[in-house]
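# Summary of structural features
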Amino acid sequence: MGNGAPRKTAPRTATAAFLAAAVLLAAGLTACSGSEPKDVTVYSGRTQKLVQPLIDEFTKKTGITVDVRYGTTAQMAAQLQEEGDKSPADVFLSQDAGALGAVAKAGLLAQLPAELLAKVPAPYQHTGGQWVGVTGRLRVFAYNADQVKPAELPKSVLDVTGPQWKGRLGVAPTNASFQTFVTAMRVQHGDAKAREFLNAIKANEPQIRDNNIVIVGEINDGKLAAGLVNHYYLFEKAAELGLSPDQLKVKLHYFGDGDTGGLLNVSGLGLLKKATGNDKARQFMDYLLGADGQTYFATKTFEYPLIPGVPAAPGLPVLADLKIPPINLNDLDTLAASVEMIKSSGLTS
């Protein structure tokens with residue numbers, strides 16, 4: 001009983017601390033609420049450096065303000081599924097079709113208007129009309145011209161597990177593009193073959209990098225012999241250095257004959273169900289699929305525009321001339337299984 005005084009003091013201390021925390025929290029909330037609410041909220045799996053200039057131009061032309069939350073495409077897709085109907089997002093801007101398919105499968109995306117879908121060829125949109133492609137992105141084999149002779153170029157992506165590539169191949173297994181490529185291999189060849197391929201890559205002592213940008217840069221600098229990346233990073237590197245693509249040491253090899261290594265994936269848009277009546281969100285989507293948005297992607301990010309009448313960047317092969325693998329992009333919605341398979345192979349921790 002001699003401890004009675006301390007027992008009275010402790011609650012007051014706790015109460016004071018709680019009140020202090022509450023004051024700080026309230027102050028924080030006030031500070032947050034001080035910012036103007038935006039007209040449209042976008043969850044973007046595309047980087048700020050890549051798309052913010054286009055979004056700023058959209059706001060400048062329309063007066064419509066946009067709150068963009070950036071992360072990897074897998075992170076944004078997972079967050080949307082976790083938040084469900086309570087998500088503040090109106091639009092999901094994804095780096096690849098697989099994540100869009102996963103969010104659509106979760107029942108979170110709205111049916112898009114027919115006029116919007118009509119802008120893009122059917123192979124580059126959801127069969128149920130719940131997402132639509134914005135740009136085309138080719139998987140390629142990038143190589144250093146001083147270290148790899150034309151006769152050594154692999155005919156199939158399956159050949160990069162050969163001994164000649166041991167310790168020489170760069171891959172980015174945490175990147176959404178690589179993960180979707182693995183999903184495409186599972187679709188085209190089955191899970192057993194995809195698992196065998198990943199295990200063979202791991203056994204061949206690959207050079208693991210965080211993303212395609214690093215791989216292309218190191219190939220150009222002679223630090224890496226080759227790598228599996230998307231096509232446009234070479235063009236971005238050339239623009240960064242103020243050179244033409246053919247002045248770089250890094251070159252691109254396009255897989256043919258329907259090989260999985262030549263997958264044409266898309267970045268794309270989905271409208272969250274809660275935003276079905278949000279006309280400003282619809283205007284945002286229309287802008288990205290209009291002449292201005294598509295020209296931006298063709299000339300600034302060097303991806304393939306998907307609407308007729310907007311030319312691709314000079315130096316890119318014509319899509320119709322490539323034998324792209326006959327993979328339905330709607331079948332790439334099992335991203336989680338691919339991520340787990342990559343992890344099981346030991347390519348990621």
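Keep in mind the model is a prediction, meaning the values are calculated, not measured.

## Some words on the overall build of the chain
When its secondary structure is counted, the chain shows 12 helices and 10 strands. C-alpha extents for the chain along the principal axes are approximately 85 × 55 × 40 Å. The buried share of the chain, taken over its 349 residues, is 50%. Contacts spanning at least 24 positions in sequence make up 76% of the contacts within the chain whose residues lie at least 6 apart. Summing over all exposed atoms, the chain offers an accessible surface of approximately 16,100 Å²; the carbon and sulfur share of this is 56%.

## As for the packing of helix α3 (residues 73-83) against helix α4 (residues 97-105)
It is at 10 Å that the axes of α3 and α4 come closest, and there the two elements cross at 5°. Classified by the angle their axes make, α3 and α4 are roughly parallel. Side by side, α3 and α4 meet where Thr73, Ala77, Leu80 and Gln81 of the first sit next to Ala99, Ala102 and Val103 of the second.

## Considerations on the side chain of aspartate 333
Looking at where aspartate 333 falls in the secondary structure, it is placed in the loop between β10 (304-305) and α12 (335-345). For aspartate 333, the side chain forms a polar contact with the side chain of lysine 105, separated by 3.3 Å. When near neighbours in sequence (up to four residues on either side) are disregarded, aspartate 333 contacts Gly98, Gly101, Ala102 and Lys105.

## Remarks on the packing of helix α2 (residues 48-62) against helix α10 (residues 279-288)
Between α2 and α10, the least distance of the axes is 11 Å, while the angle of their chain directions is 120°. Our classification of the angle between α2 and α10 gives oblique. Of the two possible hands of crossing, α2 and α10 adopt the one that is right-handed. Contact residues: α2 offers Leu54, Ile55, Glu57, Phe58 and Lys61, while α10 offers Lys280, Gln283, Phe284, Tyr287 and Leu288.

## Concerning empty space enclosed by the protein
Per the counting criterion, the structure on display carries three cavities of 30 Å³ or more. Considered as a void within the structure, the largest cavity measures approximately 50 Å³ in volume. In the lining of the largest cavity, the residues fall into six nonpolar, one polar and two charged.

## Looking at the side chain of threonine 301
Inspection of the secondary structure assignment puts threonine 301 in helix α11 (residues 291-301). Of the polar contacts made by the side chain of threonine 301, one reaches the backbone oxygen of phenylalanine 297; its length is 2.8 Å. Among the polar contacts listed, one links the side chain of threonine 301 to the side chain of glutamate 303, at a separation of 2.6 Å. Excluding residues that lie within four positions of it along the chain, threonine 301 makes contacts with Leu50, Tyr232, Glu236 and Tyr296.

## Structural notes on helix α9 (residues 232-241)
For α9, the set of buried residues is Tyr232, Tyr233, Leu234, Phe235, Lys237 and Ala238. Of the surrounding secondary structure, the elements contacted by the buried residues of α9 are β4 (132-144), α8 (212-220), β7 (226-230), β8 (250-253) and α11.

## Quick notes on the pattern of salt bridges
Enumeration over the complete set of coordinates arrives at 17 salt bridges. Two residues, aspartate 191 and arginine 186, come together in a salt bridge whose shortest N-O distance is 2.8 Å. The class for aspartate 191 is partly exposed, based on a relative accessible area of 34%. For arginine 186, a relative accessible area of 13% translates into the label buried. Aspartate 257 is paired through a salt bridge with lysine 323; the nearest N and O atoms lie 3.9 Å apart. With aspartate 257 in the loop between β8 and β9 (264-271) and lysine 323 in the loop between β10 and α12, the pair connects residues that are 66 residues apart, well separated along the chain. A relative accessible area of 68% places aspartate 257 in the exposed class. Via salt bridges that share partners, Glu115, Lys119, Arg282 and Asp286 belong to a single interconnected network.

Reading the values: rules and limits
- Residues numbered from 1 in each chain as written.
- Predicted model: local features only at pLDDT ≥ 70, side-chain atom pairs only at ≥ 80, totals over all residues.
- Heavy atoms only, no water.
- Helix = DSSP H or I, 4+ residues; strand = E, 2+ residues; numbered from the N terminus.
- Buried < 20%, exposed > 50% of the residue type's maximum accessible area, 1.4 Å probe, protein only.
- Contact = heavy atoms within 4.5 Å.
- Areas by Shrake-Rupley, 256 points an atom, 1.4 Å probe, with all protein chains shown as cover.
- Axes fitted to C-alpha atoms, helices over the stretch in contact; angles between N-to-C directions.
- Parallel < 35°, antiparallel > 145°, perpendicular 65-115°, else oblique.
- Polar contact = N/O pair within 3.5 Å; in protein donor to acceptor, adjacent residues only side chain to side chain.
- Left-handed = near helix turned anticlockwise from the far one by under 90°.
- 1 Å grid on protein atoms, 1.4 Å probe; cavity = no way out; pocket = protein on both sides within 12 Å on 5 of 7 lines; lining within 4 Å.
- Points joined across faces, edges and corners; volume = space filled by probe spheres on them.
- Nonpolar A, V, L, I, M, F, W, Y, C, P; charged D, E, K, R; others polar.
- Salt bridge = Lys/Arg side-chain N within 4 Å of Asp/Glu carboxyl O.

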